[in-house]
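Structure at a glance
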Amino acid sequence: MTKSVPIITVDGPGGAGKGAVCKQIAETLSWHLLDSGMLYRLLALSAINHHVALDNEAAIEVMASALDVQFASAAGQKGIRAFLEGDDVTAELRSEDVGMAASKVAVIASARLALLARQRAFAELPGLVADGRDMGTVVFKHAPLKIYLTASVAERAKRRYKQLLENGQSGNLARLTEAIGARDRADMGRSVSPLCPAEDALIVDSTALSIDQVCETIISEAKSRLLI
Ligand code: DC
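In short, a report on the structure. It should be emphasised that the depicted structure is a prediction, and the values quoted were computed from it without experimental measurement. (Residues numbered from 1 in each chain as written. Predicted model: local features only at pLDDT ≥ 70, side-chain atom pairs only at ≥ 80, totals over all residues. Heavy atoms only, no water.)

Some details on the nonpolar core
The nonpolar side chains of a soluble globular protein tend to be buried, and buried together. Keep this limit in mind: Grouping buried Ala, Val, Leu, Ile, Met, Phe, Trp, Tyr and Cys residues that are joined through side-chain atoms within 4.5 Å yields what is termed a nonpolar core. Relative accessibility under 20% of the residue-type maximum defines a buried residue, over 50% an exposed one, and the middle range a partly exposed one, all with a 1.4 Å probe and only protein chains included. Put simply, DSSP marks the helices as runs of H or I at least four residues long and the strands as runs of E at least two long, and each gets a number from the N terminus on.
Judged by nonpolar contacts, the single largest core of 26 residues is most densely connected at Leu 42, Leu 43, Ile 60, Leu 67, Leu 84, Leu 93 and Leu 115. Contributions of two or more residues to this core are made by helix H2 (36-49), helix H3 (57-66), strand E4 (81-84), helix H5 (96-105) and helix H6 (109-120). If one sorts the elements of this core by residue count, H2 sits on top with eight residues. With 20 residues, the next largest nonpolar core counts Ile 8, Leu 29, Ile 147 and Ile 218 among its residues.

Given below as structure tokens:
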């Protein structure tokens, strides 16, 4: 019998700390990492670059099936780098505009379906940490540990603001708060795979927790479930 791959899913709204938490857990456990938001962002960027309207369902579905993307994690570099049709688009992907565009293409059911197999292919031994909106509810429904990571809108806006400044970009806290609220409404309100905790998810509120504290909580839960 093939050994089943242990999977920890981490879903939640933008800015709750999923990215940093998942990266740290994957590094600690030496497991694979899936940043599914990056796939939706790549799809959105591809649509923008090819002048395809974000609500053109048929064209976006075709793009999702044929998306020419590559990921690389170079030693000493921060996180995974993403390449679209050969170009390094990592920095571009992180912008609020691309995030909002990703949220728009993410409502297209056929595009989500087209990305399903690509996401499931990340499940390889020794294990996978999957970061997204529907990892525990749709993509890895049978994962043995599902986390729903959240934080208040104000705290998430503050974190994004700090991140922007650290990256040498400018930010406007009020506008960021508004953008985060709008994206929450889009992600939670859509009819296909809306953002919501899986029934069996453990809800972790990171508003007053550090990344290390969140990781400790998740890792101790994984230990108590004999996943690691
Ligand atoms: O996690 P993120 O901010 O990179 O995600 C960008 C958008 O992609 C998010 O607003 C909704 C969409 N998304 C999704 O629908 N399902 C996922 N599993 C991940 C992201």
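So that's the structure; there's more coming.
With respect to the site of the ligand
We count it as follows: Put simply, a residue is near a molecule or strand once any heavy atom of it comes within 4 Å of that molecule or strand. Counted as a polar contact is a pair of N or O atoms within 3.5 Å, where, for protein atoms, one must be capable of donating a hydrogen and the other of accepting one, and residues adjacent in sequence contribute only when both atoms are in side chains. Using a 1.4 Å probe, accessible areas were evaluated by the Shrake-Rupley method; residue-level cover was limited to the displayed protein chains. Amino acids are sorted into nonpolar (Ala, Val, Leu, Ile, Met, Phe, Trp, Tyr, Cys and Pro), charged (Asp, Glu, Lys and Arg) and polar (every other residue, Gly among them).
As a structural note, the neighbourhood of the ligand is formed by 16 residues, with Arg 41, Arg 112, Arg 133, Asp 134 and Arg 183 the closest of them. Side-chain polar atom of Arg 183 to an oxygen atom of the ligand: 2.8 Å apart, as the coordinates give it. Taking Arg 190, its side chain carries an N or O atom lying 2.9 Å from an oxygen atom of the ligand. The protein chains hide 97% of the 440 Å² of surface that the ligand would expose on its own. Mapped by element, the contributors of at least two residues to the shell around the ligand are H2, H5 and helix H9 (173-189). With four residues, the top contributor of residues to the shell around the ligand is H2. Across the shell around the ligand, the residue classes break down as four nonpolar, four polar and eight charged.

Quick word on helix H8 (residues 153-166)
For the record, the criterion: Here the expected span of a helix is defined as 1.5 Å times the quantity of residues minus one. Only heavy atoms matter for contacts: two residues are in contact if any of them lie within 4.5 Å across the pair.
Under the 1.5 Å per step criterion, the end-to-end length of H8 is 20 Å for 14 residues, consistent within 8% with the ideal 20 Å. Within the sequence span of H8, burial applies to Glu 155, Arg 156, Ala 157 and Arg 160. Where H8 is buried, its residues meet H5 and H9. Following H8 by one or two positions, Gly 168 adopts a phi angle in the positive range, close to 75°.

Examining a negative patch on the surface
Convention followed: Any residue with relative accessible area above 30% and no salt bridge may belong to a patch, with like charges joined within 9 Å and the nonpolar Val, Leu, Ile, Met, Phe, Trp and Tyr side chains within 5 Å. One speaks of a salt bridge when a side-chain nitrogen belonging to Lys or Arg is within 4 Å of a carboxyl oxygen belonging to Asp or Glu. Charged residues are defined narrowly, with Lys and Arg counted positive, Asp and Glu counted negative, and His plus the chain ends left uncounted. For the purpose of locating charges, the reference atoms are NZ of Lys, CZ of Arg, CG of Asp and CD of Glu.
On the surface, Asp 68, Glu 85, Asp 87 and Glu 92 cluster together into a patch of negative charge. Within the element layout of this structure, Glu 92 appears in helix H4 (residues 90-93).

Overview of the sheet that holds E4
Put simply, the rule is: Strands were regarded as paired on the criterion that DSSP finds at least two bridges between them. All axes here are fitted lines through C-alpha atoms, helices being fitted over the stretch that makes contact, and every angle between N-to-C directions spans 0 to 180 degrees.
Pairing in this open sheet of three strands is antiparallel, and the strands run E3-E4-E5 from one edge to the other. The sheet is open, and its two borders are formed by strand E3 (69-72) and strand E5 (87-88), each paired with just one other strand. Seen against the sheet, H2 touches E3 and E4 and runs at an angle of roughly 35° to E4.

What about the pattern of salt bridges?
Summed over the entire model, instances satisfying the criterion amount to 12 salt bridges. With a shortest N-O distance of 3.2 Å, Arg 160 and Glu 96 are connected by a salt bridge. Here Arg 160 is found in helix H8, whereas its partner Glu 96 is found in helix H5, with 64 residues between them in sequence. Given the relative accessible area of 24%, Glu 96 is considered partly exposed. Across the pair Arg 225 and Glu 221 runs a salt bridge, and its minimum N-O distance is 3.0 Å. Looking at Arg 225, the relative accessible area reads 35%, which means it is partly exposed. One network of salt bridges, with partners in common, ties together Arg 133, Asp 187 and Arg 190.

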